[in-house]
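# Architecture and fold: a report
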Amino acid sequence: MTRRELDAAGIRAPGLRSAYTWCRELNARHGRTYFLATRLLTPAQRPAIHALYGFARWLDDIVDEPAVDATPESLDERLLEVENRFLADLKAGVSDDPLLTAVIDTAARYALADAYFRAFFTSMRMDLTVGGYATRAELDTYVHGSAEVIGLQVLPVLGTVAPREEAEPRAAALGKAFQLTNFLRDVAEDLARGRVYLPADELAAHGVDRDRLAWCARHGRADDRVRAAIRAQIAVTREVYAEARPGIAMLHPVSRPCVATAATLYGRILDRLEDAGHDVFAGRAAVSRGRRLLVACGAVARTQWARARHPAPALPVAVN
């Protein structure tokens, strides 16, 4: 299937094919829900999505899975080194790193703004020094670089039937909704890393602070105050999904089943949290394999229907 995707995307150079294949394998290993949804795209669209995911995952791992002897200072130096190298290679249009090779090729093919990548690096550096966010506005600054720009990057790959400027806020909102869902699912995991991605003032409205979250983590269960706070955070996140949802109809018809499936599966994570009584410390909420396959089967039918009636999005001009 990899060869078919690369051929369909017009990726011919052996080095590029190897780079994109590496990104695809990374996506398959680490992004189960994301990878499943990506399979609903046309083969020509998938390599670019894999490259963008691989890049984001790679930077995430630098911050979240550092070497044992790493320090915030050494990680900051590492990120700065990576950023400077990437931006220089991006400007030159070539790199000797396999991952960066695929990302730079995707950026050139789809004319992705440098600002998107710069914003992502900014948010990754925030993870080295910022352990919490006092307000929603502060959190939104982080989320813009860590998630909204991802939605903006994949938008030209998906294609639109509406003017791009109308679809962009919806695409950004969907990226934000996915990230906020991750924050809720991963409260315990993030807390163990010294981070809380829930606005402190909104938690305080329910009598919750970091110490209370830490107590719940130690005891493996959420108390009533934390449950109430999580319930409120889920409501906020559902509002972001509602903001994003009209954007699906703005996408090219063959891309809609993929994005709708991703939104549905991520939304199921919120359902699972509610089913658990809003106890984010009882275990990591996950959508079962059976449920993922059930949703995917319906999406496959919609995908086939769309492809039978609409031509695929036009390929960008190849740069290799």
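Note: the structure precedes this text.
A quick note: this is a predicted structure, and the numbers were derived from the prediction, not measured.

### Some thoughts on the overall build of the protein chain
A count of helices and strands for the protein chain gives 15 helices and zero strands. The buried share of the protein chain, taken over its 320 residues, is 52%. Of all intrachain contacts in the protein chain linking residues separated by at least 6 positions in sequence, the fraction that spans at least 24 positions is 73%. Counting every atom, the protein chain has about 14600 Å² of accessible surface; 53% of that belongs to carbon and sulfur.

### Brief notes about empty space enclosed by the protein
Tallied over the entire structure, the rule returns six cavities of 30 Å³ or more. If you trace the largest cavity, you find 11 residues lining it, with Ala9, Ala44, Ala48, Arg109 and Tyr110 closest to the centre. Looking at the lining of the largest cavity, its residues break down into nine nonpolar, one polar and one charged. One number sums up the size of the second largest cavity: a volume of about 40 Å³. Leu52, Phe55, Ala56, Tyr116, Phe117, Phe120, Val149, Ile150 and Gln153 are the residues that line the second largest cavity. Among the elements of the structure, helix H4 (46-64), helix H7 (114-129) and helix H8 (136-158) are those that each provide at least two residues to the lining of the second largest cavity. Classifying every residue of the lining of the second largest cavity by side-chain character gives eight nonpolar, one polar and no charged.

### Regarding the packing of H4 against H7
Two elements in contact, H4 and H7, have axes separated by 10 Å at closest approach and are oriented at 20 degrees. Relative to H7, the element H4 is oriented roughly parallel. As H4 packs across H7, the resulting crossing turns out to be right-handed. Contacts between H4 and H7 involve Phe55, Ala56, Leu59, Asp60 and Val63 from the first element and Phe117, Phe120, Phe121, Met124, Asp127 and Leu128 from the second. Looking at the contact of H4 with H7 residue by residue, the class counts come to nine nonpolar, no polar and two charged.

Cut-offs applied
Residues numbered from 1 in each chain as written. Predicted model: local features only at pLDDT ≥ 70, side-chain atom pairs only at ≥ 80, totals over all residues. Heavy atoms only, no water. Helix = DSSP H or I, 4+ residues; strand = E, 2+ residues; numbered from the N terminus. Buried < 20%, exposed > 50% of the residue type's maximum accessible area, 1.4 Å probe, protein only. Contact = heavy atoms within 4.5 Å. Areas by Shrake-Rupley, 256 points an atom, 1.4 Å probe, with all protein chains shown as cover. 1 Å grid on protein atoms, 1.4 Å probe; cavity = no way out; pocket = protein on both sides within 12 Å on 5 of 7 lines; lining within 4 Å. Points joined across faces, edges and corners; volume = space filled by probe spheres on them. Nonpolar A, V, L, I, M, F, W, Y, C, P; charged D, E, K, R; others polar. Axes fitted to C-alpha atoms, helices over the stretch in contact; angles between N-to-C directions. Parallel < 35°, antiparallel > 145°, perpendicular 65-115°, else oblique. Left-handed = near helix turned anticlockwise from the far one by under 90°.

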